[in-house]
Amino acid sequence: MESIKLVEKMVVFPEKPTNRRRIFLSNIDLGLVAYQESVAFYDPPSNQMSFSESCQRLHHALCRLLVKYDFFAGRLVPSLEDSRRLEIDCNGAGAMFATATTETELSQLIDCMAPRPALEQFVAFLTQLKCGSLALTSRYNHCVLDGVGVREIQGNIAALTRGEELVIIPNPDRTIFRARNPPIVNHPHHEYSRGTDTDNLYTVHCRSGIGIEQCPNCLVYLSPHRIANLKKAGLGEGKLQNCTTFEVVAAKIWKTRSIALEMDDEKVSTMLFPVDTRKRMVPQAPKGFAGNALIPGFARARVRELKDEENDALVKKVREGVERLNDEYIRSSIDWLEVNKGVPCREESFSLVSWWRLGYEEDEFAWGKIKYSTPIVVKPGLVFLLPGPQGEGGLNICLELPEHQFEEFRRIMTED
């Protein structure tokens, strides 16, 4: 991959003055203080829009965006009420914006579009490739927005580049997710682990079970035909009336990963998967909620059970992991974090994150629609579900495993 040449770098400010305020961060937010990076690629603009005009439109869109998204132009600071917590100071400090060019062509990247270190070169916000394609990079702190919120802000940026108004007005008020006083914990909450003296509340913790060495990012493609076969097997010859693609793929990944890692039969394997709780709360989160409303659902079992159980039984465990997240469970979860200052489960666990149906490719920017988007890196302990190749359907599973474990994982995931 060719090196990238920086064209311009600046700080973008809201185009109108905004009122200074502070925004409370919930316990869910505070467990996700870590930067997330992704990159989206576009074909050369079909309307022949120049790179200069694309940059100008994006710059103007961001200036307009930061009026309503003033918290994106702010900074994380210790809370005025409790210095052990963080909050957002909407001080209008601005957001970084940069443009660049590269001699790399999209065809050199698209054949194996998956998170990998080479993509870290796309540090600029908007980069033009040699072939005229564009790369749009985002880097934000996860405590500010979850995936649903990012999907909405992207839709707003796309609309603003077209000269239109915001599609949805953000509401960053997270008080609906504030812990109760006093906290009331009514469930064991296996999705979290208690903090220790060396833990930092403001750090995302992942435990992959594969050691700390850096492993190559690996991709496994599941075709629509393979997914259909998994769903058929997941029904268990009529034991289940229906099942979703996520349920059967998650159950298969859970079992297969445990086998590929050669985990001890008596160890308990835990799979976490974010569940959007916006409409599960009572009352529901407001429209345009801009914060973190994703609570970890979980499925857990001994490895021996994973090996011996029929597919439908594992699918049911995944389903139960989603269904248990009602209003009372969610509030108990938030209260558990208030009491224990815990972190996502670290004992023989991993997190399955689905980008597969977020709909990033639906937004029409001034220069066109997204051709493909991907996280830039996959951290140990994370498994991503990404869209399959354009026009082919299916999905890609992206994870980090040593080569011999990955080959076993791929064999089991793809064999009928």
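Note that the coordinates shown come from a computational prediction; the quantities given were computed from them, not determined experimentally.

**Focus: the overall build of the protein chain**
Phase 1: Broken down by element type, the protein chain carries 10 helices and 18 strands.
Phase 2: In terms of overall size, the protein chain behaves like a compact globule, its C-alpha atoms giving a radius of gyration of 22 Å where 416 residues would be expected to give roughly 22 Å.
Phase 3: Judged by the C-alpha coordinates and their principal axes, the protein chain covers about 60 × 55 × 40 Å.
Phase 4: Sorting the 416 residues of the protein chain into buried and exposed places 54% on the buried side.
Phase 5: Relative to all contacts within the protein chain whose residues are 6 or more apart in sequence, the contacts with residues 24 or more apart total 81%.
Phase 6: Only carbon and sulfur atoms are counted for the fraction: they give 49% of the accessible area of the protein chain, which is about 19,200 Å².
Phase 7: Of the side-chain charges in the protein chain, 51 are positive and 56 negative, and the distance between the mean point of each set is 3 Å.

**Quick look at the packing of helix H5 (residues 224-234) against helix H6 (residues 245-260)**
Phase 1: For the pair H5 and H6, the least separation of the axes is 9 Å and the interaxial angle reads 85°. Considered as vectors, H5 and H6 are oriented roughly perpendicular to each other. Residue-level contacts link Arg 226, Ile 227, Leu 230, Lys 231 and Gly 234 of H5 to Thr 245, Val 248, Val 249 and Lys 252 of H6.
Phase 2: Here the contact of H5 with H6 is built from residues that sort into 4 nonpolar, 2 polar and 3 charged.

**Regarding the sheet that holds strand S6 (residues 95-102)**
In any sheet, the strands associate via hydrogen bonds between backbone groups, in a parallel or an antiparallel arrangement.
Phase 1: Strands sit in the order S1-S6-S7-S8-S3-S16-S15 across an open sheet of 7 strands; the sheet is mixed. Each end of this open sheet is capped by a strand with a single partner; those strands are strand S1 (4-12) and strand S15 (364-365).
Phase 2: When strand S3 (residues 35-42) meets strand S16 (residues 368-375), the two strands line up antiparallel, connected through 5 bridges. Along S16, the bridge assignment pairs Ser 38 with Pro 375.

**What to know about the layout of surface pockets**
Phase 1: Of the pockets and cavities examined, the second largest pocket occupies roughly 1,200 Å³.
Phase 2: Taken together, 46 residues line the second largest pocket, and the ones lying closest to its centre are Phe 72, Phe 125, Ser 138, Arg 139 and Tyr 140.
Phase 3: Split into classes, the residues belonging to the lining of the second largest pocket amount to 33 nonpolar, 8 polar and 5 charged.

**A word on helix H2 (residues 51-68)**
Phase 1: Taking 1.5 Å of rise per residue, the 18 residues of H2 would be expected to cover 26 Å, and the 27 Å separating its terminal C-alpha atoms lies within 8% of that figure.
Phase 2: Of the positions making up H2, those classed as buried are Phe 51, Ser 54, Cys 55, Leu 58, Ala 61, Leu 62, Cys 63, Arg 64, Leu 65 and Leu 66.
Phase 3: Buried residues along H2 sit in contact with S1, S6, strand S7 (126-128), strand S8 (134-141) and helix H4 (147-161).

**Observations regarding a nonpolar patch on the surface**
Phase 1: On the surface, Val 11, Phe 13 and Met 96 cluster together into a nonpolar patch covering about 270 Å² of accessible area.
Phase 2: When you line up the elements, Val 11 lands in strand S1.
Phase 3: Of the residues examined, Val 11 reaches a relative accessible area of 34% and is grouped as partly exposed.

**A few points about H5**
Phase 1: Three or more residues of H5 are buried, namely Arg 226, Ile 227, Leu 230 and Gly 234. Viewed along the axis of H5, the buried residues span an arc of 100°, placing them on a single side of the element. Residues of H5 that are exposed and point more than 90 degrees away from the buried face comprise His 225 and Lys 232.

**A few points about a negative patch on the surface**
Phase 1: Negative charge collects at one region of the surface, where Glu 237, Asp 308, Glu 309 and Glu 310 lie side by side.
Phase 2: If you trace the backbone, Glu 309 turns up in the loop between helix H7 (303-308) and helix H8 (311-323).
Phase 3: Take Glu 309: its relative accessible area is 30%, and that puts it in the partly exposed class.

**Section: the confidence of the model for the protein chain**
A low pLDDT score tells you not to read the predicted coordinates there in detail.
Phase 1: In this model, the protein chain carries an average pLDDT of 90, and 93% of its residues clear a pLDDT of 70 or more.
Phase 2: Averaged pLDDT values over the elements of the protein chain bottom out at 80 in helix H3 (residues 107-110) and peak at 98 in strand S2 (residues 21-24).
Phase 3: Counting contacts from residues 197-214, a segment whose pLDDT is below 50, to residues more than four positions away or on other chains yields 44 contacts.

**So, the packing of H6 against H8**
For any two helices packed against each other, one specifies the crossing angle of their axes together with the interaxial distance.
Phase 1: Interhelical geometry of H6 versus H8 gives an angle of 110° and a closest axis separation of 8 Å. Classified by the angle their axes make, H6 and H8 are roughly perpendicular. Here H6 contributes Phe 246, Glu 247, Val 248, Ala 250, Ala 251, Trp 254 and Lys 255 to the contact with H8, which in turn contributes Asn 311, Leu 314, Val 315, Lys 317, Val 318 and Arg 319.
Phase 2: Split by residue class, the contact of H6 with H8 holds 8 nonpolar, 1 polar and 4 charged.

**Topic: the pairing of S16**
Phase 1: Across the 8 residues that make up S16, a large majority, 6, are buried.
Phase 2: Here S15 pairs with S16 via 2 bridges, running antiparallel. Among the inter-strand pairings, Glu 364 is bridged to a residue of S16, identified as Lys 369.

**Description of the side chain of His 142**
Phase 1: Counting through the fold element by element, His 142 comes out in the loop between S8 and H4.
Phase 2: The buried category is assigned to His 142, whose relative accessible area is 14%.
Phase 3: A polar atom in the side chain of His 142 sits 3.1 Å from the backbone oxygen of Leu 145.
Phase 4: Apart from the residues within four sequence positions on either side, His 142 is in contact with Leu 32, Ala 34, Gln 36 and Asn 292.

**Things to note about the sheet that holds strand S4 (residues 75-78)**
Phase 1: Read across the open sheet, the 3 strands follow the order S2-S5-S4; overall the sheet is antiparallel. Taken across any chain shown, the strands that pair with only one partner, and hence form the sheet edges, are S2 and S4. The mean inter-strand angle of the sheet, taken between neighbouring strand axes irrespective of direction, is 40°.
Phase 2: As paired elements, S2 and strand S5 (residues 86-90) share 4 bridges and run antiparallel to each other. Bridging across to S5, Arg 21 finds its partner in Cys 90.

Basis of the calculations
Throughout, residues of each chain are indexed from 1 in the direction in which the sequence is written. Confidence filtering applies because this is a predicted model: local features only for residues at pLDDT of at least 70, side-chain atom pairs given and counted only at 80 or more, and all residues used for totals across whole chains, interfaces and linings. Only hydrogens and water are set aside when side-chain values are computed; all heavy atoms of the structure are taken into account. Working definition: helices are DSSP H or I runs of at least four residues, strands are E runs of at least two. Numbering for both runs from the N terminus. The atom set for the radius of gyration is the C-alpha atoms, and the globule formula is 2.2 Å times the number of residues raised to the power 0.38. Each residue's exposure class comes from its accessible area (1.4 Å probe, protein chains only) as a fraction of the maximum for that residue type: buried when under 20%, exposed when over 50%, partly exposed otherwise. When checking whether two residues touch, look at their non-hydrogen atoms; a contact exists if any pair is within 4.5 Å. Shrake-Rupley sampling with a 1.4 Å probe provides the accessible areas, and residues are treated as covered by the protein chains on show and by no other component. His is not counted here, nor are the chain ends, while Lys and Arg score as positive and Asp and Glu score as negative. By convention, the point assigned to a charge is CZ for Arg, NZ for Lys, CD for Glu and CG for Asp. Whenever a helix is involved, its axis is fitted only over the stretch in contact; in every case the axis is a line through C-alpha atoms, and angles between N-to-C directions fall within 0 to 180 degrees. For classification purposes, angles smaller than 35 degrees are called roughly parallel, those larger than 145 roughly antiparallel, those between 65 and 115 roughly perpendicular, and all remaining angles oblique. Just so you know the grouping, Ala, Val, Leu, Ile, Met, Phe, Trp, Tyr, Cys and Pro go in nonpolar, Asp, Glu, Lys and Arg go in charged, and all remaining residues, Gly too, go in polar. Note on pairing: two strands pair once DSSP finds at least 2 bridges between them. Using only the protein atoms, space was sampled on a 1 Å grid; points where a 1.4 Å probe fits but cannot get out form cavities, open sets with protein on both sides within 12 Å along at least five of seven lines form pockets, and lining residues are those with an atom within 4 Å of a point. Grid points are joined across faces, edges and corners, and a volume is the space filled by probe spheres set on the points. Every helix has an expected span of 1.5 Å times one less than the residues it contains. Each patch is assembled from residues with relative accessible area greater than 30% and no salt bridge, linking like charges that lie within 9 Å and nonpolar side chains (Val, Leu, Ile, Met, Phe, Trp, Tyr) that lie within 5 Å. Just to be clear on terms, a salt bridge is a Lys or Arg side-chain nitrogen sitting within 4 Å of an Asp or Glu carboxyl oxygen. In this description, one arc is meant: the one made by directions from the helix axis to the C-beta atoms. Confidence scores here are pLDDT values: one per residue, from the predictor, ranging 0 to 100. Pairing of N or O atoms within 3.5 Å defines a polar contact, subject to two protein rules: one partner must be a possible hydrogen donor and the other a possible acceptor, and residues neighboring in sequence count only if both atoms are side-chain atoms.

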